[in-house]
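Observations on chain architecture
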Amino acid sequence: MINDIGPGSIPDKVPEDLLAFCRRDGMVICPRCTEMSVYPLKDGRFRCAGCAYTFHDFTGRWINRCKMQPSQWMDLIRLFVDGIPVKKMAAKVRTSYETTLKAVNTLRLSILAADPTFWPLLNTQGDLKTHCRKGHGEHDDHCLGEHAPVFGLQRYDGKLFFQHLPKTSVKDTLSLPLNKQVWKTLVYTDRYQDFDALFFACCSHLRRLFAGRWSSGPIFLDNDVLFWNFAENWLPRYRCFTPKCCPLYLKELEFRFNHPKASWHKLLTQRLCEFVPNPR
């Protein structure tokens, strides 16, 4: 039986590397008011002397979102680094497929949340907002990407960076006089201002509806062999690349591309131990 690591429960013995990332310079931090004036309780939790909040090391952090113990998280991170499919992960970590999938997406959310420009895409629980309005409001059959986020890709110093562009809409992107092509559920454009390309994800209906706008002409990013070799290696591993999950996969691609594989485990452990941001 796997115990839930929740606000009222205490995780199994926490590995030292997890504690190192949860405790700033060895100090325990209150997740509610960020004060370090806390004291331990007999049951292993802590209480803040400032706001009287009771918590444990994982309270308010990404690692606290799933019913998994620290040892299982460490195993899952190692499997995630190697790109093991979720179904195989579940068997190795000894959890259900649903719990494992939630844990993997939590890892991806922790990667995404390291970039504050993506925080507006999160709700107050730290999950991605649902932008598709199909069947609601003005459009009954489709939303035409009205609320889908648009991202700009920049390349410099041998690295790539996806930036959320909250003031740019899918409608604006489609109307730009730029060559555009489709890759999986993604639409990407030719160079625009300081960006090597603009990206957004959409449903099959929109891709069919605007089929006449996809160009066979040259696009700047198509000449980036290093980018495409890496993207074609990683992204096709995911069976379900839905438009909603587009931000997660783009930021994961960025993370894997920009950092040497030897550093992934440590960086992912660190991200997992960060506090879930509150977009408010």
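Structure: above.
Residues numbered from 1 in each chain as written. Predicted model: local features only at pLDDT ≥ 70, side-chain atom pairs only at ≥ 80, totals over all residues. Heavy atoms only, no water.

**Notes on the side chain of Gln 181**
The line we're drawing: Helix numbering and strand numbering both begin at the N terminus, where a helix is a DSSP run of H or I of at least 4 residues and a strand a DSSP run of E of at least 2. Whether a residue is buried, partly exposed or exposed follows from its accessible area with a 1.4 Å probe, protein chains only, as a fraction of its type maximum: under 20%, in between, or over 50%, in that order. Whether two residues are in contact is decided by their heavy atoms, any of which lying within 4.5 Å being enough.
Within the secondary structure layout, Gln 181 lies in strand β6 (residues 180–183). Look at Gln 181 and you get buried, because its relative accessible area is 18%. Residue contacts for Gln 181: discarding those within four places in its chain leaves Leu 186, Val 187, Tyr 188, Ser 215, Ser 216, Gly 217, Ile 219 and Asp 222.

**Some words on the pattern of salt bridges**
In plain terms, the rule: Every case where a carboxyl oxygen of Asp or Glu lies within 4 Å of a side-chain nitrogen of Lys or Arg is listed as a salt bridge.
On inspection of all chains with the given rule, the structure shows ten salt bridges. Here Arg 65 makes a salt bridge to Asp 127, at a shortest N to O gap of 2.4 Å. Here the residue Arg 65 occupies a position in the loop between β3 (54–55) and α2 (70–81), and Asp 127 occupies one in the loop between α4 (97–112) and β4 (151–156), the gap between them amounting to 62 residues. Residues joined by salt bridges that share partners form a network here, namely Arg 108, Glu 252 and Arg 256.

**Quick word on the pairing of strand β5 (residues 159–164)**
Put simply, the rule reads: Criterion used throughout: strands pair if DSSP finds at least two bridges between them.
The alternating pattern of β5 places Leu 160, Phe 162 and His 164 on a buried face and Lys 159, Phe 161 and Gln 163 on a face that is not buried. Across six bridges, the pairing between β4 and β5 is antiparallel. Across the sheet, residue Gln 154 finds its bridge partner in β5, namely Phe 161. Between the end of β4 and the start of β5, which pair antiparallel, lie two residues, with Asp 157 showing a positive phi angle near 55°.

**Some details on the pairing of strand β8 (residues 197–201)**
Counting buried positions along β8 gives five out of five residues, so the element sits mostly inside the fold. Of the two faces of β8, the one lined by Ala 197, Phe 199 and Ala 201 and the one lined by Leu 198 and Phe 200 are each fully buried. In terms of strand pairing, β4 meets β8 through three bridges, oriented antiparallel. Paired with Gly 152 across the two strands is Leu 198, which belongs to β8. Where strand β7 (residues 186–189) meets β8, three bridges bridge the pair, whose relative direction is antiparallel. Bridging across to β8, Leu 186 finds its partner in Ala 201.

**A closer look at the packing of aromatic side chains**
Note the following rule: Classification of ring pairs uses Phe, Tyr and Trp, with its six-membered ring standing for Trp, and accepts pairs whose centres are within 6.5 Å; under 30 degrees between planes counts as stacked, over 60 as edge-to-face, and the remaining range as tilted. Think of it as a cone above the ring: NZ of Lys or CZ of Arg counts as a charge over the ring if it is within 6 Å of the ring centre and within 35 degrees of the ring normal.
Applying the stated criterion to the full structure yields twelve aromatic pairs. Each ring, one from Trp 234 and one from Trp 264, has its centre 5.8 Å from the other, and the planes form 65°; the classification is edge-to-face. You can see Trp 234 sitting in helix α7 (residues 225–234) and its partner Trp 264 sitting in helix α9 (residues 261–272), a full 30 residues away along the chain. Comparing Trp 234 with Trp 264, the two get one shared label, buried. Among the aromatic residues, those joined into a ring-pair cluster are Phe 162, Trp 183, Tyr 188, Phe 199, Phe 227 and Trp 228. Just above the ring of Phe 220 sits the side chain of Arg 191; from NZ or CZ to the centre is 4.2 Å. Over the face of the ring belonging to Phe 80 we find Arg 256, whose NZ or CZ atom lies 4.6 Å from the ring centre.

**Points about the environment of Leu 186**
As for its position among the elements, Leu 186 is in strand β7. The class for Leu 186 is buried, based on a relative accessible area of 0%. Along the backbone, Leu 186 and Ala 201 are 15 residues apart, and their C-alpha atoms lie at a distance of 4.4 Å.

**Side note on the sheet that holds β3**
Strands sit in the order β1-β2-β3 across an open sheet of three strands; the sheet is antiparallel. The sheet is open, and its two edges are formed by β1 (38–40) and β3, each paired on a single side. Taken together, the three bridges between β1 and strand β2 (residues 46–48) define a ladder with antiparallel strand orientation. Across the sheet, the residue bridging to Val 38 is Cys 48, located in β2.

**Observations regarding α9**
What counts here: Helix span, as expected, comes to 1.5 Å for every residue beyond the first. In this description, one arc is meant: the one made by directions from the helix axis to the C-beta atoms.
With twelve residues, α9 should reach 16 Å at 1.5 Å per residue; the first-to-last C-alpha distance of 17 Å fits that figure. Those residues of α9 not exposed but buried are Trp 264, Leu 268, Thr 269, Arg 271 and Leu 272. The arc enclosing the buried residues of α9, seen along the axis, measures out at 165°, which places them on a common side. What points out from α9, more than 90 degrees from its buried face, is the exposed set Ala 262 and Lys 266. Those residues of α9 that are buried lie in contact with α1 (16–22), α2, α4, α7 and α8 (246–258).

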